[in-house]
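Given next are the chains, with one letter for each unit.
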Amino acid sequence: MTEPFPSRDVQDLGRFGYAQELFRSMGGFSNFAISFSIISILTGAVTLYGYGLEMGGPLEMTLGWPVATLFTLLLASSMAELCSAYPTSGAMYHWAAALGGPASGWFVAWLNIVGLIAALAGINFSCAQFVLPFLGITASATNVFLMFGFTLLGHGLINHYGVRLVALLNNTSVVVHIAGVVAIVSLVYWFAPLQPVKFLTTAGNFNGRGPYTWAFLLGLLQAHWTYTGFDGSAHMAEETRDPRRTAPWGMVIAVAVSGVVGYMLLIALTLAIRSIPEVLGAKDPQGNSIPAAIVILQTALGAKYGNTMAALASIAMWFCGLSCVTSASRAVYSLARDRGMPFAGLMQRVNTKHGTPSAAIWAVVVASLLAMVWTGAVPIVTSLSTVALYLAYVIPVALGLRARLRGSSWPGLAIWTLGRWGVPVNCIALFYTSFICFVLIMPPNELAAKTLGGVLAVLAAIYLFEVRHKYKSPEWAREQAANNGAAGA
């Protein structure tokens, strides 16, 4: 990248009223890598494989994944255009504030933060579950939680000590994910006895929860939890060169590549299943449940190679958690910089030596630990994170569509643009994502609904009695909101 980009980017950021405090050292590949790493097909698709299989059988993998991929691409494209117009670390928070006013921005910021913290809890807890068998350690509840805490600590330390190291590790993560999928798929096809292709159309509901169509929809949690966190590219806009072009492409390409590579992985795992009941009911000698993907790999490739492939998946999960801490800490930092959260002075502080928001990083780590203690189960915390994040995604897209229909000039700020396809793409993405959010808080994930409802009630009370009297959103966002005719701006 040529030298004029950083100075031009600094001037562009200055138009939003912000100084360049974070190190702007990321190129296009590194920006893509952070979203690709947080999506992490070897985390979401593998961790919740058993959940998806239980709900919808092999057909869930064959049909559910491409459906989720298509509609997520439409959502990512809608967000990419907004990112190009407003390339700041605040991402969805700033988009909503500029298009809907302070209240919209503040709620989106907190939904984003809550969603990322819950996602981090699910990612690292799953990583602990996968790595313990490889280490020969009993996967008891205590051991899993201790490994979970140790993993969080490592992620906090690495994020604290430098964005350059995080960028390097994210680049490595792309290689690990793609090489890992290629290794698993190749070994399965070469050495494992496979089911006939027609097995992929088996539509079984193995938990007896309602009609098959409803169970299939519930099983989409597997795909949609995987497709969260692609906003990481937008959160890193202030640390990326030429962000109006690079960050939008980072989000869209991350979803597209994950869709193709993830489908290869799911089809291979599904064809390698010997017995669905055995996969879903497997337990270790101590009576602890074994993740379905590990069972498939162990029975298909033998215990030695199966555990090795599971360890490879756990490495990918580790990278995913690392990137999630990065993204979540930037969301906290951005809101604190605008004085929109408690202890804002501390949370916006940037370590002058390492160029990272250290207090925000450790706040995210501690909050993720507490989130796992509260929910206690991976499907619950993943459902909570998915719905919270998708709400943070669709609100600014809806506000952008409203402003676009009113003749707003905001699309003219974007270099990466949908053009005349903006309205239909926005409408389809909003309808589908809103429907999925409703599905994913239905039983058996009602605790996620109750927790999210509690979070929203607390946020509403805090905003009504405290925040609305003090918080005004950034000046540039207020000006944009006024231009866009947003109420309450």
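These numbers were taken from a predicted model, which means no experiment stands behind them.

Participant: Is there a simple way to explain the packing of aromatic side chains in this structure?
Facilitator: Remark: the centre distance and the inter-plane angle together describe each pair of aromatic rings, the angle taken between the planes. One pass over the structure, following the stated rule, counts 16 aromatic pairs. Relative to Tyr 463, the ring of Phe 107 has its centre 5.6 Å away and its plane inclined at 50°; by these criteria the two rings are tilted. Of this pair, Phe 107 sits in helix α7 (residues 102-135) while Tyr 463 is found in helix α21 (residues 446-470), placing the two residues 356 residues apart along the sequence. Looking at Phe 107, the relative accessible area reads 22%, which means it is partly exposed. Overall, Tyr 463 belongs to the buried group, its relative accessible area being 12%. Relative to Tyr 393, the ring of Tyr 390 lies with its centre 5.7 Å away and its plane at 40°, an arrangement referred to as tilted. One end of the pair is Tyr 390 and the other is Tyr 393, both in helix α19 (residues 378-405) and 3 residues apart, which spans about a single turn. In this structure an aromatic cluster arises from ring pairing among Trp 106, Phe 107, Trp 110 and Tyr 463.

Participant: Just checking my understanding: could you explain the packing of helix α4 (residues 49-56) against helix α5 (residues 58-85) for this structure?
Facilitator: Pairs of packed helices are described in terms of their axes, by the angle between the two and the distance that separates them. Between α4 and α5, the least distance of the axes is 7 Å, while the angle of their chain directions is 105°. Here α4 lies roughly perpendicular to α5, going by the angle between them. Taken together, the residues of α5 that come into contact with α4 (itself represented by Tyr 49, Gly 52, Leu 53, Met 55 and Gly 56) are Pro 58, Leu 59, Glu 60 and Met 61.

Participant: Quick question: what am I supposed to make of the packing of helix α15 (residues 292-301) against helix α16 (residues 303-337) here?
Facilitator: It is the contact of α15 with α16, at a shortest axis distance of 6 Å, that shows an interaxial angle of 145°. Crossing of α15 against α16: the hand is right-handed. Taking contact as the criterion, the partners of Ile 294, Leu 297, Gln 298 and Leu 301 in α15 are, on α16, Ala 303, Tyr 305, Gly 306, Asn 307, Met 309 and Ala 310. Class assignment for the residues of the contact of α15 with α16 results in 7 nonpolar, 3 polar and no charged.

Participant: Could you clarify how one ought to interpret the pattern of salt bridges in this entry?
Facilitator: Between side chains of opposite charge, a pair can form as their charged atoms come close. On inspection of all chains with the given rule, the structure shows 4 salt bridges. Between Glu 81 and Arg 404 there is a salt bridge whose closest N-O contact spans 2.6 Å. Placement of Glu 81 in helix α5 and of Arg 404 in helix α19 is noted, with a sequence separation of 323 residues between them. The exposure classification of Glu 81 matches that of Arg 404, with both residues buried. Across the salt bridge formed by Arg 330 and Glu 239, the nearest N and O atoms sit 3.0 Å from each other. Highlighted residues: Arg 330 in helix α16 and Glu 239 in the loop between α12 (232-235) and α13 (243-271), separated in sequence by 91 residues.

Here is what the cut-offs are and how they apply
- Residues numbered from 1 in each chain as written.
- Predicted model: local features only at pLDDT ≥ 70, side-chain atom pairs only at ≥ 80, totals over all residues.
- Heavy atoms only, no water.
- Phe/Tyr/Trp six-rings, centres within 6.5 Å; stacked < 30°, edge-to-face > 60°.
- Helix = DSSP H or I, 4+ residues; strand = E, 2+ residues; numbered from the N terminus.
- Buried < 20%, exposed > 50% of the residue type's maximum accessible area, 1.4 Å probe, protein only.
- Axes fitted to C-alpha atoms, helices over the stretch in contact; angles between N-to-C directions.
- Parallel < 35°, antiparallel > 145°, perpendicular 65-115°, else oblique.
- Contact = heavy atoms within 4.5 Å.
- Left-handed = near helix turned anticlockwise from the far one by under 90°.
- Nonpolar A, V, L, I, M, F, W, Y, C, P; charged D, E, K, R; others polar.
- Salt bridge = Lys/Arg side-chain N within 4 Å of Asp/Glu carboxyl O.

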